[in-house]
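A closer look at the structure
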Amino acid sequence: MYVSTIRAPGARRLGRVPATVVALGLVSFFTDVSAEMVAAFLPMYLLYGVGAGYLHLGILDGLYTGAGAVLRLAGGHLADRTSRPKAVALAGYALSAAAKLSFPLAGGSLPGVGAAVAVDRAGKGLRAAPRDALIAAATPPPLLGAAFGVHRALDTAGALLGPILAFTLVAAVGSAYDTVFGVSFCLALVGVLILACFVRGTRPAPAAGPRVSVREGWRLLREPSVRRVAVVATCLGLGTAGDAFLFVAVQRQSGLGPGALPLLPLATSLVFLAAAVPVGRLADRVGGRRVFLAGHALLALAYLLLGAGGVLPAWPAAAAVLVLHGLFYAATDGVLMACLAPRLPERLRASGLALVQTGQAVARMGGAICFGALAAGQGLPAAFTLFCAALTGVLGVAVLKRRRT
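Residues numbered from 1 in each chain as written. Predicted model: local features only at pLDDT ≥ 70, side-chain atom pairs only at ≥ 80, totals over all residues. Heavy atoms only, no water.

Once that is clear, we can look at the overall build of the protein chain. Each helix and strand in the protein chain was counted, giving 16 helices and two strands. Across the 405 residues in the protein chain, those meeting the buried criterion constitute 54%. Look at the contacts in the protein chain between residues 6 or more apart in sequence, and 83% of them connect residues 24 or more apart. Accessible surface, the protein chain as shown: approximately 16600 Å² in total, 67% of it carbon and sulfur. (Helix = DSSP H or I, 4+ residues; strand = E, 2+ residues; numbered from the N terminus. Buried < 20%, exposed > 50% of the residue type's maximum accessible area, 1.4 Å probe, protein only. Contact = heavy atoms within 4.5 Å. Areas by Shrake-Rupley, 256 points an atom, 1.4 Å probe, with all protein chains shown as cover.)

Shown next as structure tokens:
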């Protein structure tokens with residue numbers, strides 16, 4: 001096949017993707033082990049330890065998704081303006097690592113936990129677009145889906161190991177959560193060191209014209225192909241409930257105890273890990289937009305199962321929801337960036353990726369908060385039913401618009 005003969009200029013290859021992609025995947029692996037150690041037990045800690053309600057959980061889950069939205073724009077702009085995406089990404093990873101040390105200071109304070117989450121997610125926002133720009137710059141366009149799939153697979157392997165490590169540490173040390181945060185910081189630091197030492201940054205291009213401005217980045221939305229992707233991703237994000245609610249609903253509907261809650265993300269991560277590369281290659285063949293929309297259709301089906309309650313026996317329904325959730329991430333996370341990157345000029349690539357990531361993150365933050373308010377007033381099943389209807393409606397409009405263009 002022609003794919004096996006394509007080489008990224010100046011890049012070593014491991015298999016079919018450049019070594020830069022694999023190195024960035026290892027950075028994300030250690031960072032995600034660190035992040036998911038904390039994220040996995042936060043819902044259990046907040047609901048069953050601190051006594052937070054659904055609305056509080058929705059706000060914190062929204063913060064976890066959208067707190068770094070503004071810094072996504074800043075990170076993308078700085079990466080393009082300085083032509084040093086590695087340096088900007090390194091600052092973001094370092095900020096997230098430092099944030100792990102602030103969680104023990106928060107204790108049982110919801111505002112304190114929220115502030116620690118915000119700092120951690122701000123680091124994620126700062127690094128996301130420059131990192132994806134590094135992947136896009138190192139990879140030939142026909143291999144972008146596979147490259148982002150490899151990166152997301154390594155990222156997800158970290159997300160898989162994080163809850164296991166958190167569960168093991170909590171079982172060993174009981175309520176001494178400081179141990180979890182300390183180990184989390186050390187793992188995040190490993191990711192920072194790999195990025196600093198083993199990822200080669202892109203060389204700054206000679207200044208042939210004026211430096212990249214913020215206005216130039218926003219003008220990318222005037223391009224119909226970019227605007228369509230941004231609008232679809234943002235609207236679908238509004239119909240996305242926070243992951244924490246999905247895991248809480250599965251835990252309660254399946255009759256599992258609260259202690260099992262930190263382990264439920266493992267099922268999603270396993271499916272994501274297995275499907276990320278094949279789905280990325282599928283996106284290269286049939287088109288990223290089709291795969292992206294199909295992923296949200298699978299998520300709507302998961303919401304329908306959670307809203308309907310007794311349609312399937314408890315355990316098969318729980319398994320189906322977690323599998324659908326993992327396939328949703330495999331079909332959307334890296335696929336969106338692979339779909340968008342070829343539509344962007346190289347000098348504005350990080351800015352364009354950041355614009356779409358920001359719109360999606362802000363929309364998902366709003367969706368999580370709205371879902372929390374609905375769940376607090378109507379209960380989890382009713383909230384999932386309403387979000388299933390909303391997501392299905394947006395998908396219908398997106399499919400109709402796609403056929404007309």
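Next comes the rest of the write-up.
Counting residues in each nonpolar core, the largest one holds 90 residues, and the members touching the most others are Leu246, Val250, Tyr303, Phe371, Leu380 and Phe384. Looking at this core, the element that brings in the most residues is helix α14 (residues 314–340), giving 13 residues. Sequence-distant contacts of Phe371, defined by excluding residues within four places in its chain, comprise Ala241, Phe245, Leu380, Ala383, Phe384 and Phe387. (Core = buried A, V, L, I, M, F, W, Y, C linked by side-chain atoms within 4.5 Å.)

Our next topic: the confidence of the model for the protein chain. The predicted model of the protein chain has a mean per-residue pLDDT of 82, with 83% of residues at 70 or higher. No element of the protein chain has a lower mean pLDDT than strand β1 (residues 13–14), at 41, and none a higher one than helix α13 (residues 288–308), at 94. Contacts of residues 1–15 to residues separated by more than four positions or lying in other chains number 22 contacts, the stretch itself having pLDDT below 50. (pLDDT = per-residue confidence, 0-100.)

A few words now on the packing of helix α6 (residues 110–138) against helix α7 (residues 144–173). Where α6 meets α7, the axes come as close as 10 Å, and the angle between the chain directions of the two elements is 135°. Here α6 is positioned oblique relative to α7, judged by the angle of their axes. Considering only the axes of α6 and α7, their crossing is right-handed. Only Leu144, Ala147, Phe148, His151 and Arg152 of α7 make contact with α6, whose side of the interface consists of Arg131, Asp132, Ile135 and Ala136. (Axes fitted to C-alpha atoms, helices over the stretch in contact; angles between N-to-C directions. Parallel < 35°, antiparallel > 145°, perpendicular 65-115°, else oblique. Left-handed = near helix turned anticlockwise from the far one by under 90°.)

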